[in-house]
Amino acid sequence: MRRAYFVTGTDTGVGKTFITAGLAGHYATQGHSVGVMKPIETGHEGPGWPEDALKLHHAAQNDDEQDMVVPYIFQPPVSPWAATKMSGRVIDFSAIIQKATDIMARHQITFIEGAGGLAVPIDEILTMADIPRQLQIPLIIVSRSGLGTINHTVLTVEYAKSRGVDVAGIVMNQHSQELMKRDPSCWHNPAIIEKMTNVPIIGVVPTVSALREGPELWTSVGEKIRLG
Ligand SMILES: Nc1ncnc2c1ncn2[C@@H]1O[C@H](COP(=O)(O)OP(=O)(O)O)[C@@H](O)[C@H]1O
Ligand SMILES: [Mg+2]
């Protein structure tokens, strides 16, 4: 059966690309045909592949073209809506949906990384949540492990519900011995978040600093996440 997930985060910089590449690389290394997409990437100077899309494409090990994987690239490091205002370009939402549908049809499993968090605007009507809503695919929410994560994670789940998007699970990222020593909230956050949201924590991923990008790193991340 063909499967697809939209990976969002409770904030920018929480590890969406890291986790998405880990999942994509893990499945690809196991021999699955894996699709990836970063529909809109901002903050990219110059020509060529932008950073997130390149990491995802590298991990997926497929030959999908850049224009399919990352249809919209903007230079300013701002939200997509702000980027359209600054550049005078428009985002054709139906083109994003068409390309995502094509990628999902071509691969056994597809991971789509949003820009920023779920409420980030694409234009004056649409937000990131409208991509999984329109595609009818569930979310994976990447959240931090430490203090402050309960509020961000619960708000993200509530926003998903309000936009009619299912949440497959939450991945808590950058869980470290060091963090657990100095932040006691880490011990309780997963159980509290599960109770408050009724969404399963499908992975707790540690800080991985020793490994370079490649199959070993992807597997070490991917095998810590349980996708139903
Ligand atoms: N579990 C982790 N172990 C080590 N580094 C991580 C981990 N998660 C994220 N990072 C690093 O943190 C930074 C931000 O992560 P990134 O995936 O780019 O966030 P996002 O896509 O949500 O903006 C990157 O340099 C990434 O490599
Ligand atoms: Mg990213």
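The model shown is predicted, which means the values in this text are computed figures rather than measured ones. (Residues numbered from 1 in each chain as written. Chains lettered and ligands numbered in written order. Predicted model: local features only at pLDDT ≥ 70, side-chain atom pairs only at ≥ 80, totals over all residues. Heavy atoms only, no water.)

Attention shifts here to the sheet that holds strand 6 (residues 139-144). In spatial order, the strands read 2-5-1-6-7-8; together these six strands make up an open sheet with parallel pairing. Looking at the sheet topology across the chains shown, the edges are occupied by strand 2 (34-37) and strand 8 (201-206). Neighbour-to-neighbour, the strand axes of the sheet open up by a mean angle of 20°, direction not taken into account. Sheet analysis places strand 2 next to strand 5 (residues 109-117), joined by four bridges and oriented parallel. Within strand 5, the residue paired with Met37 across the bridge is Ile112. Packed on one face of the sheet, helix 7 (residues 149-162) meets strand 1 (3-9), strand 6 and strand 7 (167-175) and runs near 165° to strand 6. (Pairing = 2+ DSSP bridges. Helix = DSSP H or I, 4+ residues; strand = E, 2+ residues; numbered from the N terminus. Axes fitted to C-alpha atoms, helices over the stretch in contact; angles between N-to-C directions. Contact = heavy atoms within 4.5 Å.)

So, on to helix 7. For helix 7, spanning 14 residues, the distance from its first C-alpha to its last is 20 Å, which sits close to the expected 20 Å at 1.5 Å a residue. Taken together, the buried positions of helix 7 are occupied by Thr149, Thr153, Val154, Thr156, Val157 and Ala160. Relative to the axis of helix 7, the buried residues are bounded by an arc of 160° and lie together on one face. Set apart from the buried face of helix 7 by more than 90 degrees, the exposed residues are Leu155 and Ser162. Gly164, located one to two residues past helix 7, shows a positive phi value of around 75°. (Expected span 1.5 Å × (residues − 1). Buried < 20%, exposed > 50% of the residue type's maximum accessible area, 1.4 Å probe, protein only. Arc of directions from axis to C-beta.)

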